[in-house]
Amino acid sequence: MRQSASARVDLARIRQEASGLANRFGIDGLSMNALAEALSIRTPSLYAHVSGIGEVKRLLAIQGLEDLDRTATRVTIGKSGRDAVRALLIGYRAFAAKNPGVYAATIPTPPRGDKEWRAAADRINQTCRAALQGYGFGGQDVVHALRGLRSLAHGFASLEATGALKNPVSRDESFTWLIDAFLAALDTMAPGSQPDKDHR
């Protein structure tokens, strides 16, 4: 009787159930046995749809990158400069907090030959570049700014996810403080800025 449910199993449902499990138990807690149980099928039947847990995590990575890109696009649309970067960082953190397991799946670098995975990663990268466009960075400075942006959002979200930020000081206020500091750094480093003479 459980096996009859296999007719309703497809990649969309596998992603859905895997997302729920990953968000509840962590990406490392996701297993083929647990996923098969959630799908109400036997584990061997799951292998008719995916080759193993590696493929499941790949599906989650692509989905997570696409969802993160949609979030980033939505929160930054119509914004530029400081407003765009602030909105992107806030949206990034919120996405990671709401989807911890799926977000964790997005962190590994896509394999060189996986065009679909790399395309999804490139799209969120381009969205982040667009948020920074108003600063006029060129060359390697664009890479520095992108790395700084991602490090701020990922680092804070990861610390929150592990419960490391236990001090009673508001985490929201700390994140705002960090965003303000990052934006001030961008203002200082942007082409054409006029740094304070005392700090040259």
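The coordinates are above.
Keep in mind the model is a prediction, meaning the values are calculated, not measured.

Caption draft 1: Structural context of the pattern of salt bridges. In this structure the tally under the stated criterion is 9 salt bridges. A salt bridge links E66 to R123, with the shortest nitrogen-to-oxygen separation between them at 3.5 Å. Of this pair, E66 sits in helix α4 (residues 53-76) while R123 sits in helix α7 (residues 115-132), and the two are 57 residues apart along the sequence. With its nearest N and O atoms 2.7 Å apart, the salt bridge here joins R86 to D180. Of this pair, R86 sits in helix α5 (residues 81-98) while D180 sits in helix α9 (residues 171-189), placing them 94 residues apart in sequence. Using a relative accessible area of 25% as the deciding quantity, one classes R86 as partly exposed. What emerges from the salt-bridge pattern is a single network uniting R93, E160, R171 and D172.

Caption draft 2: Summary view of the packing of aromatic side chains. Taken as a whole and judged by the stated rule, the model has 3 aromatic pairs. Taking the centre distance of 5.8 Å and the plane angle of 80° together, the rings of Y92 and Y103 count as edge-to-face. Here Y92, found in helix α5, pairs with Y103, found in helix α6 (residues 100-105); they are 11 residues apart in sequence, far enough to count as distant. Looking at Y103, the relative accessible area reads 4%, which means it is buried. Centroid distance Y135 to F137: 6.0 Å. Interplanar angle 15°. Geometry classified as stacked. Both residues of the pair, Y135 and F137, count as buried.

Caption draft 3: Just the layout of surface pockets, in detail. Estimates place the volume of the largest pocket at around 600 Å³. Elements supplying a minimum of two residues to the lining of the largest pocket: α4, α7 and α8 (140-161). Among the elements that line the lining of the largest pocket, the one with the most residues is α7, at 8 residues. Looking at the lining of the largest pocket, its residues break down into 13 nonpolar, 3 polar and 5 charged.

Caption draft 4: Examining the side chain of T106 more closely. Within the fold, T106 resides in the loop between α6 and α7. Take T106: its relative accessible area is 6%, and that puts it in the buried class.

Caption draft 5: Structural context of the environment of H144. Its location among the elements puts H144 in helix α8. Measuring from C-alpha to C-alpha, the distance between H144 and L59 comes to 29 Å, with 85 residues separating the pair along the chain.

Caption draft 6: How the structure looks around the nonpolar core. The biggest cluster of nonpolar side chains holds 53 residues, and the ones touching the most others in it are L46, V85, L89 and L186. Among the secondary structure elements, those contributing two or more residues to this core are α1 (11-25), α2 (32-39), α4, α5, α6, α7, α8 and α9. Not counting chain neighbours up to four residues away, the residues in contact with L186 comprise V85, L132, Y135, F137 and A145.

Each value, and the rule that gives it
Residues numbered from 1 in each chain as written. Predicted model: local features only at pLDDT ≥ 70, side-chain atom pairs only at ≥ 80, totals over all residues. Heavy atoms only, no water. Salt bridge = Lys/Arg side-chain N within 4 Å of Asp/Glu carboxyl O. Helix = DSSP H or I, 4+ residues; strand = E, 2+ residues; numbered from the N terminus. Buried < 20%, exposed > 50% of the residue type's maximum accessible area, 1.4 Å probe, protein only. Phe/Tyr/Trp six-rings, centres within 6.5 Å; stacked < 30°, edge-to-face > 60°. 1 Å grid on protein atoms, 1.4 Å probe; cavity = no way out; pocket = protein on both sides within 12 Å on 5 of 7 lines; lining within 4 Å. Points joined across faces, edges and corners; volume = space filled by probe spheres on them. Nonpolar A, V, L, I, M, F, W, Y, C, P; charged D, E, K, R; others polar. Core = buried A, V, L, I, M, F, W, Y, C linked by side-chain atoms within 4.5 Å. Contact = heavy atoms within 4.5 Å.

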